Amino acid sequence: MTQNNNQSKFNYIPACLLTIFAIILDQWTKHLAVTKLQGRAPFILINKVFQLCYLENRGAAFGLLQNQRIFFLICALVILIFAIWIYGKLPNAQRYLPLRICIIGICAGAIGNMIDRVYLGYVVDFFYFNLIDFPIFNVADCYVVIATFLLIILAFFVYSEEELSFLSSKKGRADSV
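The rules behind each value
- Residues numbered from 1 in each chain as written.
- Predicted model: local features only at pLDDT ≥ 70, side-chain atom pairs only at ≥ 80, totals over all residues.
- Heavy atoms only, no water.
- Phe/Tyr/Trp six-rings, centres within 6.5 Å; stacked < 30°, edge-to-face > 60°.
- Buried < 20%, exposed > 50% of the residue type's maximum accessible area, 1.4 Å probe, protein only.
- Helix = DSSP H or I, 4+ residues; strand = E, 2+ residues; numbered from the N terminus.

## Observations regarding the packing of aromatic side chains
Where two aromatic rings form a pair, the distance of their centres and the angle of their planes describe that pair.
In step 1: Under the criterion given, the structure shown has 10 aromatic pairs.
In step 2: Taking the centre distance of 6.1 Å and the plane angle of 15° together, the rings of Phe-129 and Phe-137 count as stacked.
In step 3: For Phe-129, a relative accessible area of 32% corresponds to the partly exposed category.
In step 4: In textbook terms, an aromatic cluster arises when at least three aromatic residues are bridged by ring pairs, as seen for Phe-50, Phe-126, Phe-127, Phe-129, Phe-134 and Phe-137.

Structure, rendered in structure tokens:
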């Protein structure tokens, strides 16, 4: 039992390092957006398709819930707590590595945008697909959306119900390892 607990704690070290790296990458790209794009015309990468343009987003996707900073911070904390709880319940098997990576992506994205909301009062966005007039977004948003999409695919098409039974409160961790 002690060995399993030590292995479980060891699994948090690479997860934390990868999360920190992802957050640093997100914050660095936002810093570049502020220094290179703020107050300037959009930087066209593909004419009429994709560009980089600075936006201070005080709401959620599609401009919803403007200036609801406390609400977003509470949501991010709830998501982080839930994600860490799931990560801790994951069996120590290579088979669950994709789930671990998805959880890391969700946590990194939530923390990256939470940092902006705490220190700036808004989220810095800069990717814009003007071909389809998609809302402007950032690297942290990419982490969350891609990880959530992959998590749904994994849950519905890759893992069986039995393989995900570790999430059930009826089963103990010893049953799932």
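## Overview of the environment of Gly-88
In step 1: Within the element layout of this structure, Gly-88 appears in helix 2 (residues 69–89).
In step 2: On the basis of relative accessible area, Gly-88 is assigned to the buried category, the value being 17%.
In step 3: Expressed as a C-alpha distance, the spacing of Gly-88 and Asn-11, which sit 77 residues apart in the sequence, is 8.9 Å.

## A look at the environment of Leu-18
In step 1: Considering the arrangement of structural elements, one finds Leu-18 in helix 1 (residues 2–37).
In step 2: Taking the C-alpha atoms as reference, Leu-18 lies 7.3 Å from Ile-104; in sequence the two are 86 residues apart.

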